[in-house]
Amino acid sequence: MRRKLVVGNWKMHGRLSTNTVLLDKVIAGVRELQRADYAVCVPYPYLSQVQSKLQATNIAWGAQNLNQFEEGAFTGAVSPGMLTDFGCRYVIIGHSERRGLFHESNEIASAKFDAALKAGLTPIFCVGETLAEREAGVTEQVVGKQLDAVLDCAGPKGLAKAVVAYEPVWAIGTGKTASPEQAQAVHAFIRQRVAQQDSQVAQALCILYGGSVKAGNSAELFAMPDIDGGLIGGAALVADDFVAICRAAQ
Ligand code: PGA
C-alpha cells in the first residue's frame, strides 16, 4: 500500500512575514495527520526559514529547481549541495513553467534529475501535456517521452528514489482540473510504462496529480487507484485550503 504525499509548490510567492503566518497555521493543521506525508517547496531565499520552522514537525521541505552542476561559474544558479545544506528532502524537476518559460528540455530535466539523486535529494519529476497536445490525442506520446528521458538516464532504479507528478499544463493555475478519470488514465499509463522496465518499482512509485487541486476536489482525485497525492500550487498559499487537502490524503 503506497503512502500518500501532498506537496505545496509555492512558486514565486511569499515574504518572510507572510510565510511565518502560513507555516504556523499549516504546522498546527497538519500536526495530527500521521497517515500521509507532507512537504512544501519554497523559493530559495526562504529555505533557511522553512528549515528552522519545520525541522521538528511532520512536514518536509524542498526547492523548486536546481542546477545540474556541483559548482562553478554559473551566475544565479543553485547547486544540489546547497539544497542539502538547508535540509531539503525534495526538489521539483521539470515543472512545466521551467520547461515553458525557461526553455528546459527533456535533456536538461534529466540531467537535473540525475544531479538531484546524486546529492541524495528526492526529485519530484513533473510531466504533462499542453491543451493542444491533448486535443491532438498525443498525451501518452508526450508524457511517455518526458518519462523516458529520465528512465533512459537514471533507469528504473533511479525512479525508485523519485516521485513523479502528472501535471496537465492546461490545468495548472487555470481552475480547470482534470477529472479524476482523466487523471487516473494518465497515472495508470505512467505506472504501466515504468512496469515495462521494472514492475516492483512501478508498483511502489508515488505518482502525484497537480493542476488546480483544491479543497473541494482533492478527495475524489486522491481516491483514484493510481493517484498517490498531489502537487499543489495556488491552494498551498491558503493555509485552510492546504490543510484541507492534506486531510483528504489521510
Ligand atoms: P496549481 O499549480 O495548483 O496552482 O494549478 C500546480 C503546480 O503548478 O504545481
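For the structure itself, look to the data block above.
Bear in mind the structure is a predicted one, so any value in this text is a computation, not a measurement. (Residues numbered from 1 in each chain as written. Predicted model: local features only at pLDDT ≥ 70, side-chain atom pairs only at ≥ 80, totals over all residues. Heavy atoms only, no water.)

### Describing unusual backbone geometry
Then, number 1: Of note, lysine 11 is a non-glycine position whose phi angle comes to about 55°, a positive value.
Then, number 2: Note on placement: lysine 11 falls in the loop between β1 (4-9) and α1 (16-30).
Then, number 3: Judged by relative accessible area, lysine 11 falls into the buried class, the value being 18%. (Helix = DSSP H or I, 4+ residues; strand = E, 2+ residues; numbered from the N terminus. Buried < 20%, exposed > 50% of the residue type's maximum accessible area, 1.4 Å probe, protein only.)

### A look at the site of the ligand
Then, number 1: Near the ligand you find 13 residues, and of these Lys11, His95, Glu167, Gly173 and Ser212 are the closest.
Then, number 2: At 2.7 Å from an oxygen atom of the ligand is found a side-chain nitrogen or oxygen belonging to glutamate 167.
Then, number 3: One of the backbone N or O atoms of glycine 233 is found 2.9 Å from an oxygen atom in the ligand.
Then, number 4: For the ligand, the accessible surface in isolation is 280 Å², of which the surrounding protein chains cover 97%.
Then, number 5: The residue makeup of the shell around the ligand, split by class, is 4 nonpolar, 7 polar and 2 charged. (Near = heavy atom within 4 Å. Polar contact = N/O pair within 3.5 Å; in protein donor to acceptor, adjacent residues only side chain to side chain. Areas by Shrake-Rupley, 256 points an atom, 1.4 Å probe, with all protein chains shown as cover. Nonpolar A, V, L, I, M, F, W, Y, C, P; charged D, E, K, R; others polar.)

### Notes on the nonpolar core
Then, number 1: Residues Val6, Leu83, Phe113, Leu159, Ile190 and Tyr209 are the most contacted members of the largest nonpolar core, which totals 68 residues.
Then, number 2: Apart from the residues within four sequence positions on either side, phenylalanine 113 is in contact with Ile93, Pro123, Phe125, Val150, Ala154, Gly158, Leu159 and Ala162.
Then, number 3: Counting residues in each nonpolar core, the second largest holds 14 residues, with Cys41, Ala60, Cys126 and Val163 among its members. (Core = buried A, V, L, I, M, F, W, Y, C linked by side-chain atoms within 4.5 Å. Contact = heavy atoms within 4.5 Å.)

### Quick look at the packing of aromatic side chains
Then, number 1: Across all of its chains, the model carries 3 aromatic pairs by this definition.
Then, number 2: Geometrically, the ring pair formed by phenylalanine 69 and phenylalanine 74 is stacked, given 4.8 Å between the ring centres and 10° between the ring planes.
Then, number 3: Lying over the aromatic face of phenylalanine 102, arginine 98 brings its terminal NZ or CZ to 4.0 Å of the ring centre. (Phe/Tyr/Trp six-rings, centres within 6.5 Å; stacked < 30°, edge-to-face > 60°. Lys NZ or Arg CZ within 6 Å of the ring centre and 35° of its normal.)

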